[in-house]
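This is what each chain is made of:
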Amino acid sequence: MSPSEYTSMSFCKESKKLVGINNFLAWKKRTDLLLKENELLAIKGNITILAKEQTQALTKYNKDETRAQRILIESIKDSLIPYVPKLETSKKSMIN
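Just so it is clear, the structure is predicted and the values come from calculations on it, not from any experiment.

Draft legend 1. Spatial organisation of the pattern of salt bridges. Within the structure shown, the criterion is met by 4 salt bridges. Of the charged contacts, one joins K28 and D32 as a salt bridge, the two residues approaching to 3.1 Å between their closest N and O atoms. Here the residue K28 and the residue D32 both occupy positions in helix α2 (residues 24-37), the gap between them amounting to 4 residues, near one helical turn. Look at D32 and you get partly exposed, because its relative accessible area is 22%. Across the pair K60 and D64 runs a salt bridge whose closest N-O atoms are separated by 2.5 Å. Taken as a pair, K60 and D64 lie in helix α3 (residues 55-74) at a separation of 4 residues, close to a single helical turn. Residue class for D64 comes out buried when judged on its relative accessible area of 11%. Through salt bridges with shared partners, a single ionic network connects K60, D64 and R67.

See the structure below:
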């Protein structure tokens, strides 16, 4: 099973999505573990490209960043999505 398939399956149940403060701690734990399992928890939020050869690193970073943001959005009830601020990175989206 690919990471994207796992991501989609993980939050398909409404009972596992963030609905508010009442389930925040459980949601955060599940989301952190899913990001860690997909090797996305340590995304730094920025990347410096020094040479043309590092294009692959930038491509991987952008792909990982998109996957992390998707995991976070899919883990929130639809009614809460309008309250998620538009942030540049998944790291800024997570409440620490």
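Draft legend 2. Quick look at the packing of aromatic side chains. Per the stated rule, a full pass over the model turns up 1 aromatic pair. Their ring planes at 40° and their centres at 5.6 Å tell us that F24 and W27 sit as a pair that is tilted. With F24 and W27 both in helix α2, this residue pair falls 3 residues apart, about one helical turn.

Draft legend 3. Structural view of the packing of α2 against α3. The N-to-C vectors of α2 and α3 enclose an angle of 155°; their axes lie 11 Å apart at closest approach. Taken together, the axes of α2 and α3 lie roughly antiparallel to each other. Where α2 crosses over α3, the handedness of that crossing is right-handed. For the pair α2 and α3, the contacting residues are T31, L34 and L35 in the first and A68, I71 and L72 in the second. Across the contact of α2 with α3, the residue classes break down as 5 nonpolar, 1 polar and no charged.

Draft legend 4. Just the nonpolar core, in detail. Listed in full, the 6 residues of the largest apolar core are L34, L35, L40, A68, I71 and L72. Breaking this core down by element, the ones donating at least two residues are α2 and α3. The biggest single contributor to this core is α3, with 3 residues.

So, how was this worked out
Residues numbered from 1 in each chain as written. Predicted model: local features only at pLDDT ≥ 70, side-chain atom pairs only at ≥ 80, totals over all residues. Heavy atoms only, no water. Salt bridge = Lys/Arg side-chain N within 4 Å of Asp/Glu carboxyl O. Helix = DSSP H or I, 4+ residues; strand = E, 2+ residues; numbered from the N terminus. Buried < 20%, exposed > 50% of the residue type's maximum accessible area, 1.4 Å probe, protein only. Phe/Tyr/Trp six-rings, centres within 6.5 Å; stacked < 30°, edge-to-face > 60°. Axes fitted to C-alpha atoms, helices over the stretch in contact; angles between N-to-C directions. Parallel < 35°, antiparallel > 145°, perpendicular 65-115°, else oblique. Left-handed = near helix turned anticlockwise from the far one by under 90°. Contact = heavy atoms within 4.5 Å. Nonpolar A, V, L, I, M, F, W, Y, C, P; charged D, E, K, R; others polar. Core = buried A, V, L, I, M, F, W, Y, C linked by side-chain atoms within 4.5 Å.

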